[in-house]
Amino acid sequence: MKNSVLITGSTAGIGFETARVLANQGHKIFLNGRTKEGTSAAVERLQYSCKEADIDGVVCDFSKPIDLSIFPPNIDVLINNVGIYTSKDFSVTSDEDWYAQFEVNCMSGVRLSRHYLPQMLASNYGRILFISSECAYLAPEDMVSYSSTKAALHALSRGLANTTRNSGVTVNTIVPGSTYTEGAERFIQEKAAQQNQNPNQVAQAFIKSERPQSLIERFARTEEVAALIAFYASGQSSAVNGSVIFCEGGSTSATF
Ligand SMILES: NC(=O)c1ccc[n+]([C@@H]2O[C@H](COP(=O)([O-])OP(=O)(O)OC[C@H]3O[C@@H](n4cnc5c(N)ncnc54)[C@H](OP(=O)(O)O)[C@@H]3O)[C@@H](O)[C@H]2O)c1
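(A) Just the overall build of the protein, in detail. Counting secondary structure elements, the protein contains eight helices and seven strands. Taken over the C-alpha trace, the protein has a radius of gyration of 18 Å; the compact-globule value for 256 residues is 18 Å, and the two agree within 12%. A principal-axis box enclosing the C-alpha atoms of the protein has dimensions of 50 × 40 × 35 Å. Scored against the burial criterion, the 256 residues of the protein give a buried share of 50%. Summarising the internal contacts of the protein: among those between residues at least 6 apart in sequence, 73% fall at separations of at least 24. When the accessible area of the protein is evaluated, it comes to approximately 12200 Å², of which 52% is carbon and sulfur surface.

Take a look at the structure:
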């Protein structure tokens, strides 16, 4: 079955790679980024690597009030992937930082789910995925605000799943660990500047010192995470609802 898939924050990183996997499977893809230029360039890049694919872009900056009329009227799969993060001490994380992260990381998913869930329930089919983070569990001391937004997604996701009882709609949460994306690269550079070291040293030391429970002992690759997301976005995952799925390489030490 060909699905119509909207992935927020998908001009780069995990979102773009997920789009690539799903486009190659023949699904219609709506990519999203903040600017017309960035979004069009991503559509072109994806179209280039998946010649047969049906790809469109939706320009929307989730840090600002959103106009839902610019989004496709109907979709089958909503992947709430957009997420922003900074490395800052709690004492200097301002209200603006907190609000910005809640707005982008949580409210984007709240607004889009409120928009699309009724339509999915009416058609008796749909997938909503929330992309959380290992930080929801680890809450590193320099990422308290980000970790809080990701923890909030778990309640949001489970709460929405509870409204899908006995339908063909599922809502699940994916928990990636440290994944080498453009965003992760910026994060490493920020840390390198703080610690007065070069980014390569910081990247190598990061997993060892800051994710010591990691069993894979490395950053994940975007394609590893994207393959998992694509499965839970598919019809094959129909018995999975209200669940939290880990692809953090063991970094959270979670047994449940
Ligand atoms: N990478 C990791 O290590 C890691 C680990 C755990 C969880 N995650 C989560 O996985 C998700 C994807 O992360 P990533 O590292 O792949 O991201 P990324 O590389 O930072 O990608 C950023 C994407 O988000 C878009 N974006 C940023 N701010 C936006 C906004 N206000 N409105 C709309 N789009 C916006 C960017 O689009 P433009 O620049 O074109 O506007 C770009 O497409 C996030 O939710 C993140 O929290 C990541």
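(B) How the structure looks around helix α8 (residues 222-232). If you check which residues of α8 are buried, you get T222, V225, A226, I229, A230 and Y232. Axial view of α8: buried residues confined to an arc of 160°, hence all on one face. Looking at the buried residues of α8, the elements they touch are α1 (13-24), β4 (77-80), β5 (126-131), β6 (169-176) and β7 (244-247).

(C) Structural view of the site of the ligand. Around the ligand there are 32 residues in total, and T11, R34, N81, Y85 and Y146 lie nearest to it. Taking D61, its side chain carries an N or O atom lying 2.9 Å from a nitrogen atom of the ligand. Contact distances for the ligand include 2.5 Å between an oxygen atom and a side-chain N or O atom of Y146. Notes on the ligand: free accessible area 900 Å², of which the protein chains cover 92%.

(D) Inspection of the sheet that holds β6 at higher detail. Within the open sheet, the seven strands sit side by side as β3-β2-β1-β4-β5-β6-β7. Their pairing is parallel. Two strands bound the open sheet, and with one partner strand each, they are β3 (54-59) and β7. Taken over all neighbouring pairs, the strand axes of this sheet differ in orientation by 20° on average, direction set aside. Sheet contacts for helix α2 (residues 36-49): β2 (28-33) and β3; angle to β3, the most-contacted strand, approximately 170°.

(E) The arrangement of the pattern of salt bridges in detail. Across all of its chains, the model carries 13 salt bridges by this definition. Between D54 and K28 there is a salt bridge whose closest N-O contact spans 3.0 Å. Separated by 26 residues along the polypeptide, D54 in strand β3 and K28 in strand β2 bring together distant segments of the chain. Assessed through its relative accessible area of 31%, D54 is described here as partly exposed. R111 is paired through a salt bridge with E103; the nearest N and O atoms lie 2.8 Å apart. Residue class for E103 comes out partly exposed when judged on its relative accessible area of 23%.

About the criteria used
Residues numbered from 1 in each chain as written. Predicted model: local features only at pLDDT ≥ 70, side-chain atom pairs only at ≥ 80, totals over all residues. Heavy atoms only, no water. Helix = DSSP H or I, 4+ residues; strand = E, 2+ residues; numbered from the N terminus. Rg over C-alpha atoms; globule rule 2.2 N^0.38 Å. Buried < 20%, exposed > 50% of the residue type's maximum accessible area, 1.4 Å probe, protein only. Contact = heavy atoms within 4.5 Å. Areas by Shrake-Rupley, 256 points an atom, 1.4 Å probe, with all protein chains shown as cover. Arc of directions from axis to C-beta. Near = heavy atom within 4 Å. Polar contact = N/O pair within 3.5 Å; in protein donor to acceptor, adjacent residues only side chain to side chain. Pairing = 2+ DSSP bridges. Axes fitted to C-alpha atoms, helices over the stretch in contact; angles between N-to-C directions. Salt bridge = Lys/Arg side-chain N within 4 Å of Asp/Glu carboxyl O.

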